[in-house]
Amino acid sequence: MNITIRNETPEDFRRVEEITREAFWNLYVPGCVEHYLAHVMRSHEDFMRELDFVALADGRLVGNIMYTRSFVENEQGGRLETITFGPVSVLPEYQRKGIGSALIRHTIQKARESGHAAIIIYGSPYNYCKHGFKSGRDFNIGNAEGRYPFSLLVLELKEGVFAGHAWKYHESVVFGIDPAAAEEFDRTFEPKEKGWRYTQEEFSIACRH
Ligand SMILES: CC(C)(COP(=O)(O)OP(=O)(O)OC[C@H]1O[C@@H](n2cnc3c(N)ncnc32)[C@H](O)[C@@H]1OP(=O)(O)O)[C@@H](O)C(=O)NCCC(=O)NCCS
């Protein structure tokens, strides 16, 4: 299988949203909202077009990754710009073939070249430690309430950039989506049944702090 990575174009938008929906459906909650998030993210001021990539497997679009601007704030009010990826999605039948890793590696390299300080995400350590991510706790980075969720993960791109301070992470406000609007947007796709999966329990545990 030949995997290629290129920037997303407007012609890809709906396909990317379909892939996102397929990848996240019933994974963390019954149904999902990530395809709506992808939809609204592109026109948000925090969206980073230069880090918006899709993956093609033998010419077929099967995965994508999107980034937004985020920041951390320290105990003295000092602010440091960071970046955040998500959603990152691979069509279920193409998962576990290295496509997600290729998207992550590709964009980490781009982010490093552009001089970004760090990538901070909420995600499963099982997906991201292999790419060098560590717990926020290791860098004294908590969430906005000063807690340290299991899923708050950090990849330092400039070594020592967080040293000597305690930080709170703030993701883009674009993540605070309106559930009713997401539900309405979902109705423009093929009907799909919502249901329970054990991964929803894993997710609920990972989000606790
Ligand atoms: C998370 C996600 C983007 C990862 O994409 P992916 O293409 O499946 O990722 P990869 O194939 O690169 O890696 C996944 C696993 O497949 C393994 N793998 C990679 N290439 C492989 C191959 N040729 N044969 C078999 N396994 C392979 C990797 O080693 C990895 O396993 P590991 O965790 O045991 O190391 C994808 O699973 C997805 O869309 N999930 C649903 C949405 C989601 O949860 N997104 C992230 C939100 S936090």
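Predicted model, so just to flag it, every value in this text is computed and none were measured. (Residues numbered from 1 in each chain as written. Predicted model: local features only at pLDDT ≥ 70, side-chain atom pairs only at ≥ 80, totals over all residues.)

S.K.: Looking at this structure, I do not really get the overall build of the chain. What am I missing?
M.R.: Within the chain, the secondary structure is distributed over 6 helices and 9 strands. Taking 209 residues into account, the globule formula puts the C-alpha radius of gyration at 17 Å, and the chain, at 17 Å, falls close to it. Here the chain holds 209 residues, and 31% of them are scored as buried. Put simply, of all contacts in the chain between residues at least 6 apart along the chain, 69% involve residues at least 24 apart. (Helix = DSSP H or I, 4+ residues; strand = E, 2+ residues; numbered from the N terminus. Rg over C-alpha atoms; globule rule 2.2 N^0.38 Å. Buried ≥ 20, exposed ≤ 12 C-beta atoms within 10 Å, placed from the backbone. Contact = placed C-beta atoms within 7 Å.)

S.K.: Which parts of the structure should I look at to understand the site of the ligand?
M.R.: As a matter of local geometry, the ligand sits amid 18 residues, with Gln-95, Arg-96, Gly-98, Gly-100 and Ser-101 nearest to it. Counting only elements with at least two residues in the shell around the ligand, the list comes to helix 1 (13–24), strand 4 (79–90) and helix 3 (99–113). Tallied by class, residues from the shell around the ligand come to 6 nonpolar, 9 polar and 3 charged. (Near = placed C-beta within 6 Å. Nonpolar A, V, L, I, M, F, W, Y, C, P; charged D, E, K, R; others polar.)

S.K.: Please clarify how the UniProt feature "domain: N-acetyltransferase" (unreviewed entry) in the chain should be interpreted in this entry.
M.R.: Mapped onto the present numbering, the UniProt feature "domain: N-acetyltransferase" (unreviewed entry) falls on residues 3–155. Across residues 3–155, the secondary structure splits into 25% helix and 33% strand, with the terminal C-alpha atoms separated by 25 Å. (UniProt positions renumbered as here; feature names shortened; annotations may be inferred.)

S.K.: Just to check I follow, could you spell out the pairing of strand 5 (residues 118–122) for this structure?
M.R.: Two faces, one strand: in a regular strand the side chains alternate between the faces of the sheet. With 4 of 5 residues buried, strand 5 lies mostly within the body of the structure. Where strand 5 lies against strand 8 (residues 152–156), 5 bridges are found, and the strand directions are antiparallel. Within strand 8, the residue paired with Ala-118 across the bridge is Glu-156. (Pairing = 2+ DSSP bridges.)

S.K.: Is there a simple way to think about the environment of Val-72 in this case?
M.R.: Tracing the sequence through the fold places Val-72 in strand 3 (residues 60–74). Val-72 sits 48 residues away from Ile-120 along the chain, and the two C-alpha atoms are 9.3 Å apart. The contact partners of Val-72, leaving out residues within four places of it in the chain, are Leu-80, Thr-82, Ile-141, Trp-167, Lys-168 and Tyr-169.

S.K.: So what exactly am I meant to see when it comes to the nonpolar core here?
M.R.: Soluble globular proteins tend to pack their nonpolar side chains together in the buried interior. By size, the foremost hydrophobic cluster in this structure holds 44 residues, and its most contacted members are Ile-65, Phe-85, Leu-103, Ile-119, Ile-120, Ile-141 and Val-154. Sorting elements by how many residues they give to this core places strand 3 first, with 5 residues. Every residue in contact with Ile-119, bar those within four places of it in the chain, is listed here: Thr-82, Ile-83, Thr-84, Phe-85, Ile-108, Ala-111, Leu-155 and Leu-157. (Core = buried A, V, L, I, M, F, W, Y, C linked by C-beta atoms within 7 Å.)

S.K.: I tried to follow the pairing of strand 1 (residues 3–7) on my own but got confused; where do I start?
M.R.: Of all 5 residues that make up strand 1, 0 are buried, and the element is exposed over most of its length. When strand 1 meets strand 2 (residues 53–57), the two strands line up antiparallel, connected through 5 bridges. In the strand pairing of strand 2, Thr-4 is matched with Leu-56.

S.K.: Would you take a moment to explain helix 2 (residues 34–41) for this structure?
M.R.: In an α-helix there are 3.6 residues to a turn, and that puts residues three or four apart on one side. For helix 2, the tally of buried residues reaches 6 of 8 residues, placing the bulk of the element in the interior. Buried within helix 2 we find Glu-34, His-35, Tyr-36, Leu-37, Ala-38 and Met-41. Where helix 2 is buried, its residues contact helix 1, strand 3, strand 4 and helix 5 (179–186).

S.K.: Is there a simple way to explain the packing of helix 1 against helix 2 in this structure?
M.R.: For any two helices packed against each other, one specifies the inter-axial angle together with the distance between the axes. At a minimum axis separation of 7 Å, helix 1 and helix 2 run at an interaxial angle of 150°. Taken together, the axes of helix 1 and helix 2 lie roughly antiparallel to each other. Here helix 1 runs over helix 2; the crossing is right-handed. Between helix 1 and helix 2, the residues in contact are Val-16, Glu-17, Thr-20, Arg-21 and Phe-24 and Glu-34, His-35, Ala-38 and His-39, respectively. (Axes fitted to C-alpha atoms, helices over the stretch in contact; angles between N-to-C directions. Parallel < 35°, antiparallel > 145°, perpendicular 65-115°, else oblique. Left-handed = near helix turned anticlockwise from the far one by under 90°.)

S.K.: Got a minute to help me understand unusual backbone geometry in this structure?
M.R.: Excluding glycine, residues mostly have negative phi values, and the peptide bonds linking residues are mostly trans. Look at the link from Gly-86 to Pro-87: it is a cis peptide, with omega at 0°. Secondary-structure assignment places Pro-87 in strand 4. In the Ramachandran plot, Asn-26 falls in the positive-phi region, its phi being about 60° despite a non-glycine side chain. Secondary-structure assignment places Asn-26 in the loop between helix 1 and helix 2. At Asn-140, a residue that is not glycine, the phi angle is positive and equals roughly 60°. Within the fold, Asn-140 resides in the loop between strand 6 (134–135) and strand 7 (141–142). When the 17 C-beta atoms within 10 Å are taken as the criterion, Asn-140 is described as partly exposed.

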